[in-house]
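Survey of secondary and tertiary structure
Listed below are the residues making up each chain.
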Amino acid sequence: MTKYLFLYWNPPAPDQQPSPEEMQQMMAQWSGWKEKFADKVADMGDGLQHDGRVLKNGQVTDGPYAEAKEIIGGFSIIQAASYEEALEVARECPITHMPEASIEIREMMGY
Amino acid sequence: MAWGSNGADIPVDDDDSSVAASGLVDHFFRHESGRLVAQLVRRFGADRLELIEDAVQSALLSALTSWGARGLPDNPSAWLTRVARNRLVDHLRRVGREAPEVDAGARVSAPAEGAFDDEIADDELRMLFVCCDPELPARAQLVLSLKLLCGFGTREIATRLFLSDDNVQKILSRGRARLRALWAERAGDWADPAPARLERRLPAVQAVIYLLFNEGYSSQREDQVIRRELCAEALRLGQLLVAHPIGDRSESWALLALMHFHHARIESRTDAEGHLLLLSEQDRGRWDREEIRRALAALARAQQGRFSRYLGEAAILAEHCVAPTFEQTRWSEIVDLYELLEQHCGPSPLYTLNRAIALAEWQGPEAGLTLLRTLTPPTWLARYYLWDATLGELLLRTGQLDPARRHLERALRAAPTRGERRIFERRLGECGPRATTTRGS
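Residues numbered from 1 in each chain as written. Chains lettered and ligands numbered in written order. Predicted model: local features only at pLDDT ≥ 70, side-chain atom pairs only at ≥ 80, totals over all residues.

**Description of the nonpolar core**
All names here are of chain B. Convention followed: Buried Ala, Val, Leu, Ile, Met, Phe, Trp, Tyr and Cys residues whose C-beta atoms connect them within 7 Å together make up a nonpolar core. Think of it as a crowd count around each C-beta: if 20 or more other C-beta atoms lie within 10 Å the residue is buried, if 12 or fewer it is exposed, and in between it is partly exposed, with C-beta placed from the backbone throughout. Runs of H or I in DSSP of at least four residues are treated as helices and runs of E of at least two as strands, each being numbered from the N terminus. Placing C-beta atoms from the backbone, we regard two residues as in contact once those atoms come within 7 Å.
If you look at the biggest cluster of nonpolar residues, it comprises 129 residues, and the most contacted ones within it are Ala-254, Ala-257 and Ala-314. For this core, the leading source of residues is helix α3 (residues 49-70), giving 11 residues. Excluding anything up to four places from it in sequence, Ala-314 contacts Ala-254, Ala-257, Leu-258, Phe-261, Leu-299 and Ala-302.

**Details of the pairing of strand β1 (residues 2-10) of chain A**
We count it as follows: At least two DSSP bridges between two strands are required for those strands to pair.
Pairing of β1 of chain A with strand β5 (residues 71-80) of chain A, which is carried by nine bridges, proceeds in the antiparallel orientation. Within the sheet, the bridge partner assigned to Phe-6 of chain A lies in β5 of chain A and is Ser-76 of chain A.

**Describing the packing of helix α11 (residues 250-264) of chain B against helix α12 (residues 289-302) of chain B**
Residues and elements named next belong to chain B. How we decide: Axis definition: a line fit to C-alpha positions, over the contact stretch in the case of helices; interaxial angles, taken between N-to-C directions, run 0 to 180 degrees. Every angle not falling under 35 degrees, over 145, or within 65 to 115 is termed oblique; those three ranges are roughly parallel, roughly antiparallel and roughly perpendicular. Crossing handedness: left-handed means the near helix sits turned counterclockwise from the far one by under a right angle, and right-handed means the same turn made clockwise. Residues are grouped as follows: Ala, Val, Leu, Ile, Met, Phe, Trp, Tyr, Cys and Pro are nonpolar; Asp, Glu, Lys and Arg are charged; every other residue, Gly included, is polar.
Running from N to C, α11 and α12 cross one another at 160°; their axes reach a closest spacing of 8 Å. The angle between the axes of α11 and α12 places the two elements in the roughly antiparallel class. Crossing angle aside, the handedness with which α11 passes α12 is left-handed. From α11, Ser-250, Trp-253, Ala-254, Leu-256, Ala-257, His-260, Phe-261, His-263 and Ala-264 reach across to α12, where they touch Glu-291, Ile-292, Arg-294, Ala-295, Ala-298, Leu-299, Arg-301 and Ala-302. Residues of the contact of α11 with α12, tallied by class, amount to 11 nonpolar, three polar and three charged.

**Some remarks on the sheet that holds strand β2 (residues 41-47) of chain A**
All names here are of chain A. Within the open sheet, the four strands sit side by side as β2-β5-β1-β6. Their pairing is antiparallel. The strands lining the two open edges of the sheet, one partner per strand, are β2 and β6 (102-107). Shown here is a sheet whose adjacent strand axes are inclined to one another by a mean of 20°, direction ignored. As paired strands, β1 and β6 are joined by six bridges and run antiparallel to one another. Residue pairing in the sheet places Phe-6 in a bridge with Ile-105 of β6. Contacts from helix α2 (residues 83-91) reach β1, β5 and β6, with the element oriented near 130° to β5.

**A look at the confidence of the model for chain B**
Residues and elements named next belong to chain B. The line we're drawing: pLDDT is defined as a per-residue confidence score from the predictor, taking values between 0 and 100.
Residues of chain B with pLDDT of at least 70 account for 82%, and the chain-wide mean is 82. Across chain B, element-level confidence peaks in α12 with a mean pLDDT of 97 and bottoms out in helix α1 (residues 18-22) with 46. Counting contacts from residues 437-441, a segment whose pLDDT is below 50, to residues more than four positions away or on other chains yields two contacts. Scored by ipTM, the complex comes to 0.75, with pTM at 0.70.

**Notes on helix α18 (residues 385-397) of chain B**
Residue and element names in this part refer to chain B. To keep things clear, this is the line we draw: In a helix, the anticipated span is given by 1.5 Å times the number of residues less one.
End to end, α18 covers 18 Å across 13 residues, agreeing with the expected 18 Å (1.5 Å per residue, within 8%). A large share of α18 lies buried, amounting to 10 of its 13 residues. For α18, the complete set of buried residues consists of Trp-387, Asp-388, Ala-389, Thr-390, Leu-391, Gly-392, Glu-393, Leu-394, Leu-395 and Leu-396. Along its buried surface, α18 packs onto α15 (349-363), α16 (365-373), α17 (379-382), α19 (401-414) and α20 (418-430). Trailing α18 by a residue or two, Gly-399 shows a phi angle of about 80°, which is positive.

Rendered as structure tokens:
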């Protein structure tokens, strides 16, 4: 089994926050997804705050996110036999319900 | 922010499987949002409303991520209370100049729950009075209540009130700003407003509760004629209101009676397939006796006071609810009550329309039609589908099939719900084929 990193890309400043009712729906979708692919979801991962710090050449800046069109909003780790199998899991990921979001799928080196 | 922090157009299933999937009761997040905002406003001050809303939103988003990944905590409510409060305290600390009164040991680890049930109820009632500030337009009061107290999102409010998202946003931000200014003027007086001030707000509070109930009872949404949870919420607020000395007034009791009477019949308004039924077709055996009993008790309390719109309307519903059959309804009493309402509240074409319907049952369809002919309907009423529906129905009963068909067809075109369209389709069927029709039977 190979591990794949799912990176969830979102627009940085959603026009509107989800409502409580929508959040409950999303939670149900995530739990449903996790349950359905229990043997494939190695780590549900986490969500990420929109702000951050960048360290480059000894210089620290605030996250470049104000200008970015998309930022990483969260991640999960999936184990699957192939990209095809990982994509099967991704296709049903609740993130796909958000028209502006995308999932980047990267095979992990397994060092 | 969580994975799902972008709220764009999440499809929300109405017949959701969320309970099974998430282990939470329906609308848990929405109700918790209202409860938390009300509670934090009381503890930390309404002048921090926006910070409080942010803290609550942030706590809910954390729950979405954390519970989705790791399952529910033992007590989700206590979890949210703790996180929301900690977010708020952290923010106030960061801002620095604020020294919240909860500073020592502010990061509550295990709030007692259950013990505060009454307190929470009071928080919410207080919040309702805060939202119903008479300095705000009525619409702003309703929008703020739906947002702060009922936990609806901007889009959800827009859908329910037929407003644009932008409009709701504007109403909310203006409403918050206005409230903030008013609180500043009154120098914290808001927290324990003088009884006289609360008294003045009572009609607005009642109106908001009634609007909320109607929103649930006669929702315009397709395939969801009855949105029970909104009704249940309005009933809950109505009960809170009469239980409090400030709200313990004839009008509040009448409002509560009115809602219980409607609620008693909520199950019988639709048939097994979920199609809307007329009052005359409803199975009275399915009316909730317990709800009618509660309604009658509330009505009795209300009748100790003066006549009001709510009292008149509740008394009419009482006549319907105690009549053993549709035919045995005391239509003459209902006609009198509508007349009383017209005298009390001023002429209202809607009351006249309803009086005509009752009169038609009492003295025959001709009598109803005669009354309607004395009425020149204002444009909005002439375009209202129930105007055509009533005319169509009465004309059908007097055997004037062609004009009946015309009105029923107009009613059918304008009917907002499938349930109502079905009723008009059935009635049209009874009109028989069009006289000029040559095709078919």
